[in-house]
Amino acid sequence: MARIFFPTSLQQLTGGTEECEIEASTVRELFARLEERFPGIREQVASAAVAIDGDVVPGALLEPLDPDSEVHFLPAISGG
Amino acid sequence: MSRTHVTCVLNGDPIDFLCNDYQTLLSVLRDELGMIGTKEGCGTGDCGACSVILDGQLVCSCLVFGPEVEGRSIETIEGMADGQHLHPLQESFLEGAAFQCGVCTPGFLVAAKALLDRNPTPTETEVRYGVAGNLCRCTGYDKIVRSILDAASRMSNPQTHKEAT
Amino acid sequence: MTTTRTGYKWVGTRPVRHDGLDKVTGRARFGADYATAGMLHGVVLRSPHPHAHIVAIDFSDALAVPGVKAIITGADLPDLSDEFGTGSEGGINFRDLSRNILARDKVLYEGHPVAAVAAVTLRIAQQAAEMIEVEYEVLPAVLSMEHAMEDDAPVLHDDLYTLGLDSPPERPSNISRRRVIARGDLDAGWEEADVVVEREYTTKAVHQGYIEPHAVVAETGEDGRSTLWCSSQGHFAMRTYTTKVLGWEPGDMKVIPAEIGGGFGGKTTIYLEPLAALLSRRAGRAVKMVMTRSEVFRATGPTSGSVMRIKMGARRDGKLVAAIAWMAYEAGAFPGSPIGPGVMTVLAPYDIPNVLIEGFDVVLNKPKVAAYRAPGAPMAAFAAESVVDELAEKLGMDPIELRIRNAVTEGVRAVYGPKYRKIGFVETLEEARDHPHYSAPLGPWQGRGVASGYWFNFGGETTATVSINEDGTAVVMSGCPDIGGTRAALAQMAAEELGIDVHRIEPVVADTHSIGYNDMTGGSRVAFAVGIAVVDASRQLIEDMCSRAALIWDVPREEVEWVDGRAQSVTGAAAPLTLEELASGSANTGGPLSATVTVNPRGAGAGFSTQICDVEVDPDTGLVTVLRYTVVQDAGRAIHPDYVEGQMQGGAVQGIGWALNEEYIFDRDGVMENPGFLDYRMPVASDLPMIDTVIVEVPNPDHPYGVRGVGETGIIPPMAAVANAVYAATGKRMQDLPMSPVRVLEALSGD
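Our subject in this report is the structure included herewith. (Residues numbered from 1 in each chain as written. Chains lettered and ligands numbered in written order. Predicted model: local features only at pLDDT ≥ 70, side-chain atom pairs only at ≥ 80, totals over all residues. Heavy atoms only, no water.)

1. Side note on the packing of aromatic side chains
Residues and elements named next belong to chain C. We count it as follows: When the centres of two rings from Phe, Tyr and Trp lie within 6.5 Å, Trp using its six-membered ring, the rings pair. Their planes under 30 degrees apart give stacked, over 60 give edge-to-face, and anything left gives tilted. Buried, partly exposed and exposed residues are distinguished by accessible area as a fraction of the type maximum, computed with a 1.4 Å probe on protein chains only: under 20%, between the cut-offs, and over 50%, respectively. We count a charge as sitting over a ring when the NZ of a lysine or the CZ of an arginine lies within 6 Å of the ring centre and within 35 degrees of the ring normal.
Following the criterion strictly, the structure yields 23 aromatic pairs over all chains and no others. Judged by centre distance (6.0 Å) and plane angle (40°), the ring pair of Tyr664 and Phe666 falls under tilted. The exposure classification of Tyr664 matches that of Phe666, with both residues buried. Through pairs of rings, three or more aromatic residues link up here, namely Tyr350, Tyr416, Tyr420, Phe425, Tyr454, Trp455, Phe456 and Phe608. One residue, Lys311, lies across the ring of Trp190, its end atom 4.3 Å from the ring centre. Seen from the ring of Tyr727, Arg733 lies directly overhead, with NZ or CZ sitting 3.7 Å from the centre.

2. Points about the sheet that holds strand E26 (residues 607-617) of chain C
Residues and elements named next belong to chain C. Stated precisely, the cut-off is as follows: Two strands are said to pair when DSSP picks up at least two bridges between them. In this text, helices come from DSSP runs of H or I with a minimum length of four residues, and strands from runs of E with a minimum of two, each type numbered from the N-terminal end. Inter-axis angles, ranging from 0 to 180 degrees, are taken between N-to-C directions of lines fitted to C-alpha atoms, where helices are fitted over the stretch in contact. Whether two residues are in contact is decided by their heavy atoms, any of which lying within 4.5 Å being enough.
One open sheet holds the 4 strands; their spatial order is E18-E26-E27-E28, and the pairing between them is mixed. Unpaired on one side and paired on the other, strand E18 (446-455) and strand E28 (691-696) mark the two borders of the sheet. Across the sheet, the axes of successive neighbouring strands diverge by a mean angle of 15°, strand direction being ignored. Sheet strands in contact with helix H13 (residues 425-434) are E18, E26, strand E27 (624-634) and E28, and its direction is about 30° off that of E26.

3. Things to note about the pattern of salt bridges
For side chains bearing opposite charge, pairing can occur when the charged atoms are close. Residues and elements named next belong to chain C. Heads up, the condition is: What makes a salt bridge here is a side-chain nitrogen of Lys or Arg within 4 Å of a carboxyl oxygen of Asp or Glu, nothing more.
Per the stated rule, a full pass over the model turns up 65 salt bridges over all chains. Two residues, Glu393 and Arg733, come together in a salt bridge whose shortest N-O distance is 3.3 Å. In this pair, Glu393 is assigned in helix H11 (residues 377-395) and Arg733 in the loop between helix H19 (718-730) and helix H20 (741-748), connecting sequence segments 340 residues apart. What makes Glu393 partly exposed here is its relative accessible area of 42%. Here Glu543 and Arg557 are joined by a salt bridge, their closest N and O atoms 2.8 Å apart. Of the two residues, Glu543 sits in helix H16 (residues 526-553) while Arg557 sits in the loop between H16 and strand E22 (560-563), which places them 14 residues apart along the sequence. Given a relative accessible area of 39%, Glu543 falls into the partly exposed group. Overall, the relative accessible area of 26% leaves Arg557 in the partly exposed class. Because the salt bridges share partners, they merge into one network encompassing Arg17, Asp19, Lys23, Glu259, Asp482 and Arg487.

4. Structural notes on the interface of chain B and chain C
We apply this condition: We define buried area as the total accessible area lost by two parts upon association, computed with a 1.4 Å probe and summed across both. We call two N or O atoms a polar contact when they sit within 3.5 Å, provided that within protein one can donate a hydrogen and the other can accept it, with sequence-adjacent residues counted only if both atoms are side-chain atoms. Each residue receives one of three labels: charged for Asp, Glu, Lys and Arg, nonpolar for Ala, Val, Leu, Ile, Met, Phe, Trp, Tyr, Cys and Pro, and polar for the others, Gly being one of them.
Listed as interface residues are 42 residues of chain B and, on the opposing side, 53 residues of chain C. Where chain B abuts chain C, roughly 3,900 Å² becomes buried across the two surfaces, and 61% of that area is made up of carbon and sulfur atoms. On the surface where chain B and chain C come into contact, there are 5 salt bridges. Viewed at the interface, chain C and chain B are joined by 23 residue pairs in polar contact (both at pLDDT 80 or more). Elements that contribute at least two residues to the side of chain B that touches chain C include exactly helix H2 (88-95), helix H3 (105-118), helix H4 (124-130) and helix H5 (142-156) of chain B. Among the residues forming the side of chain B that touches chain C, the class breakdown is 22 nonpolar, 8 polar and 12 charged.

This is the structure:
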């Protein structure tokens, strides 16, 4: 089960939950599972940068998740 | 409005051009003569990107009016190499990685040449003050200063340099 | 210390860059160096007020001036909905972008474009612009963050409601967003702390300061298809943004990249491009537009001014146990300061268990900020690294030892969430500690400071093509403008792979119609991401060439290997085939030799830098002179060390300018008082010493040569390094930037 961490800004939607474990083989599936558990969250996470195992993954929707993956949602960054 | 006819020497060649009285030498070089090597960074004489040598004197061409160069001699970046042979400053800038974006480079080369024309063996401090009128935002000046010192040393010891290369 | 792995022939060497000759002879063509026959000249009419309603615009007299061919105002641009695209500072709102290009009902800063004019000469265009009559209803301006955040402050956007609050806001405000990062138990953390330091810091808006002003030539044909020649950090993004703002199709626009005269993040967005394109379509002629330096200052860039309060606690043994950071960043006229990376980076170098970080994005009547080298991180580091220095002093610890004790390492969870992958922070600290600079003697009124910084770095969408010519030379094509030597670095990586001389490779920056999409040159991404694509394409070519050699020799593929630019038979059964032979005979083996690779890579290695600064303070004038400066930075692997050093030196000196001289100064009416290089004082050669560099190489496992981005990290530590040095020299903690002579004198007279 992938371990999902919620930033403070999403914790209103998760009822204060800071992290949870979810069975998902891709980020798309993860978003669907998250939406089932925390309605309204998909729109928020879809606009965030997704970090999988410490690495921000651009265009992450189809990215595979390992059973022990860690997923974080961050503000989007690029740089100068 | 009638334009002024101006005759001068540009990089050793006699030339003439027509310009408006309000037109700067920078604008004449770029817009009338197509010599785009001289750059405009500010238009107020603060950045040195438009440096040219006018009768042996380093000037910002944005602060000189076109008609003012009547009968005078102008050196620009385009005249710095001798045919197919680069000036030692151009060589040292290339080899010393003395630029990143390169937009300030023509101005620096012209200013450095004016410095070495006047003082062939400058100290680091003299180099730093010699190009203090030229802004570079990429390099932090380190490699520019080193390259000018390197060129000065090549020029004052041409023999040593030839043997070394 | 450049520990280049032996065995590389080109990676880690310092060849003359391929575009160098054009740049030392004046032949290189930058944005303003393009011209077409019969082109018009465009100018922008800008608001004299920082905040006003536009009641009416009458340009009938201006349009009647002989030689004026077109005039446009905000009414000529389609209104876009709130739509976000990827871009600098993590997303660009096209509705705001459009309104920044041309004001609609309101002007929001002095210099905000109101109209644009194209005429047969620049002078006629300028005269006509002055004849445009704009009726303004002047509104009270919001010029400081303190004012902007007050409950009864005038509101810039009546549809702006703060995101990220605990309960939904009832009315609009100037705070567009609140960002929070929290972890651990702060009360427990403070309980554990033996020493606590709490301070407030401010920094001023500063400009990227590229020497080349924004410039564009646009030509729109009768069929509606257009061509743009412009200098930018990414011509694909310029096309996307420009066509979006105009409501045109991206495929109908070709953007040809000029050489770019510096960007530093400031050329990741558009200003003139849609104006020139639309004027060109209206007039049926090409239109050239070039900003003056004053326009560059008043209406492009800068990066945010900031207010930050930091509180940090440490145990007596030096362990950092708790921290609070409150940060507010100026966004300028529209939302979008780099507060996101600000809150993520402020404490990122350290492993602190109990943390609360709160950040605010604040709009006010100043130019909309743009990305500037590691956007959001330098000001944050100024505050945090000053506090770390003060804690070290209170603990009686060496400031580098305190940092080593708390430094993040591989596997440690960053304060913003994810675990760090392979990083080289501790290595930079150790190199700095052991550097002779760190123990060199100092004189009276002299002091030494150190500081560190962290930046994420970025990958991004990338296309690269490598092709072999019939003479065995190669072309490496990418779509990322080369701002500081990336063409050379890409050619070096291809030369290393192909086994040919780097100068038999021509690196090219191709236009939008000649290569697949590329994200911008930004986020320190080019040597990393484009490097991966170039290496992959080179390896595909080698595989292809080995297969063709096998075909020619009629042997299995396994019996062919690529050595020193030649296909070689492992059995020695056939004479080797050179690149030239394979290329010239390619018609018989399957056609031309060319490979294109597209990637969107993960794994841009994080960058850390630690810097040492010595200053001398003149007690009579308050002038701070930097005497010696050393930049230690992890580059993963330096492909071309000269240009890696150049990035480190240039970043450090921009930071020194930010620390000591540079600031936007506004009068009480909100008009910028120093929009020129005379009064906006960037460092010149005589202000500075040599900038020593130490390249640390902790290879990034996600790049074939170990590259990490190096372009941005160097600008993060300098402000704190300088401030800590000023403290060491004077005993005064400088909490407000810039540390100009006046401010330093004030601090010195505070005894």
